Amino acid sequence: MSDPVWTEIDRYVTDLLAPHDEGLEAALRASVEAGLPQIQVSPPQGKLLQLLAQVRGAKSILELGTLGGYSTIWLARALPPGGRVVTVEADPRYAEVARASIERAGVGELVELRVGPALEVLPDLAAEEAGPFDLTFIDADKVNTPEYFAWALDHSASGGLIIADNVVRGGTLANPDSDDPNARAQRRLHEMLATEPRVSATTIQTVGSKGYDGFTLAMIR
Ligand SMILES: C[S@@+](CC[C@H](N)C(=O)[O-])C[C@H]1O[C@@H](n2cnc3c(N)ncnc32)[C@H](O)[C@@H]1O
């Protein structure tokens, strides 16, 4: 599902409100040149992540799913002095591209990139007492979003935010008969949220250059 006007509006908003500097531009270029899938957040979405981190005053950020480091750079630039982003990427080749782009963007000192499947890395982070996190951005393999959310819930600061991307999945979120495991995982996430007293949450549908999808935003009470 797509409409050319969604892309046109994204471009308009990007030019005026979320323009790229050389660091972000170079990160996208490196990602294309290395043949990474072009599935990073759009510029307006990157700006939204940055704004949410700033509104929250997030000092400690966790990201699951680094890809080429594009969203990582947006998030790192929201940090106050002394803050850090821990970002987790399963694919070592993607992580290599991300590492170079993060350095080039001048935020290398603020970012700790961990390579490995998130379900294996998260217990290490827990053992190291890397949290609590003020903001967690869940953007890795979608089938495990509920597991990542549950972990984030246990390792978030009070008032912290958890954002899970790609939950609407072209509209399959509301289809109880969908046999798509990714869509079923997003339904599990929503069922979990509905009965979880520790969070207040909502899901927003989005259209844009990345098509039709949506994200869930939850705040720890
Ligand atoms: C949608 S992309 C992330 C995009 C990135 N957040 C951005 O907007 O710039 C999803 C990433 O998650 C990674 N991934 C997939 N399964 C994973 C897992 N089990 N643990 C960690 N990362 C994983 C993929 O390799 C891919 O790079």
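Remember, it's a predicted structure, so these values are computed and weren't measured experimentally.

Novice: What is the right way to read the site of the ligand from this model?
Specialist: Val-41, Gly-65, Glu-89, Ala-118 and Asp-139 are the nearest of the 21 residues found near the ligand. At 3.2 Å, a side-chain N or O of Asp-141 approaches a nitrogen atom of the ligand. Between a nitrogen atom of the ligand and a side-chain N or O atom of Tyr-148, the distance comes to 3.4 Å. Bound to the protein, the ligand loses 88% of the 600 Å² it would expose on its own. Among the cavities detected, the one that contains the ligand is the largest pocket.

Novice: Please explain the nonpolar core as it appears in this structure.
Specialist: A general feature of soluble globular proteins is that nonpolar side chains tend to end up buried together. Ile-61, Leu-75 and Leu-135 are the most contacted members of the largest nonpolar core, which has 30 residues in total. At the level of elements, α2 (22–33), α3 (43–56), α4 (70–76), α5 (92–104), β3 (111–115), β4 (133–138) and β5 (156–165) are the ones that each hand at least two residues to this core. It is α4 that contributes the most residues to this core, 5 residues altogether. Residues contacting Leu-135, with those up to four places away along its chain left out, are Leu-52, Ala-53, Ala-58, Ser-60, Ile-61, Leu-62, Leu-75, Leu-161 and Ile-163. Counting 28 residues, the second-largest nonpolar core is a separate cluster that includes Trp-6, Ala-118, Ala-164 and Ala-218.

Novice: I'm lost on the sheet that holds strand β1 (residues 60–64) in this one. Help?
Specialist: Two strands in a sheet stick together by hydrogen bonds in their backbones, pointing the same way (parallel) or opposite ways (antiparallel). The strand order β3-β2-β1-β4-β5-β7-β6 describes an open sheet built from 7 strands, whose pairing is mixed. Unpaired on one side and paired on the other, β3 and β6 (199–208) mark the two borders of the sheet. Averaged over all neighbouring strand pairs, the angle between strand axes comes to 15°, with direction disregarded. Examined bridge by bridge, β1 and β4 share 4 bridges and lie parallel to one another. In the strand pairing of β4, Ile-61 is matched with Leu-135.

Novice: Just checking my understanding: could you explain empty space enclosed by the protein for this structure?
Specialist: Which parts of space are left empty comes out when a probe the size of a water molecule is rolled across the atoms. Considering all chains together, one arrives at 1 cavity of 30 Å³ or more under this definition. In this structure, the largest cavity occupies an estimated 90 Å³ of space. In this structure, the largest cavity is lined by Val-41, Gln-45, Leu-48, Leu-49, Leu-52, Phe-137, Ile-163, Asp-165 and Phe-215. Ranked by residue count, the leading element in the lining of the largest cavity is α3, at 4 residues. Per-class residue counts for the lining of the largest cavity are 7 nonpolar, 1 polar and 1 charged.

What counts as what
Starting from 1, residues in each chain are numbered consecutively following that chain's sequence as written. Totals for whole chains, interfaces and linings use all residues, but because this is a predicted model, local features are given only for residues with pLDDT of at least 70 and pairs of side-chain atoms are given and counted only at 80 or more. Hydrogens are left out, water is left out, and the side-chain values use all remaining heavy atoms of the structure. A cutoff of 4 Å decides nearness: a residue is near a molecule or strand if any of its heavy atoms lies inside that distance of it. The definition of a polar contact used here is a pair of N or O atoms within 3.5 Å, where within protein one atom must be able to donate a hydrogen and the other to accept one, and adjacent residues in sequence count solely through side-chain atom pairs. Areas reported here follow the Shrake-Rupley algorithm with a probe of radius 1.4 Å; residue values treat only the protein chains shown as occluding. Residues are said to line a cavity or pocket when one of their atoms sits within 4 Å of a point; the points come from a 1 Å grid over protein atoms alone, cavities being sets where a 1.4 Å probe fits but cannot get out and pockets being open sets with protein on both sides within 12 Å along at least five of seven lines. For a cavity or pocket, the test is whether more than half of a molecule's atoms lie within 2 Å of its grid points; if they do, the molecule sits there. Residues grouped as a nonpolar core are buried Ala, Val, Leu, Ile, Met, Phe, Trp, Tyr and Cys residues, joined through side-chain atoms within 4.5 Å. The classification of residues rests on relative accessible area computed with a 1.4 Å probe and restricted to protein chains. Under 20% of the type maximum is buried, over 50% is exposed, and intermediate values are partly exposed. Helical segments are the DSSP runs of H or I of at least four residues, strand segments are the runs of E of at least two, and each set is numbered from the N terminus. A contact between two residues is defined here by any heavy atoms of the two lying within 4.5 Å. Strands are treated as partners if at least two bridges between them are detected by DSSP. Comment: axis = line fitted to C-alpha atoms, over the contacting stretch for helices; angle = value between 0 and 180 degrees taken between N-to-C directions. Grid points are joined across faces, edges and corners, and a volume is the space filled by probe spheres set on the points. When residue character is reported, Ala, Val, Leu, Ile, Met, Phe, Trp, Tyr, Cys and Pro are called nonpolar, Asp, Glu, Lys and Arg charged, and the others, Gly included, polar.

The values reported here are purely geometric and, on their own, carry no functional implication.
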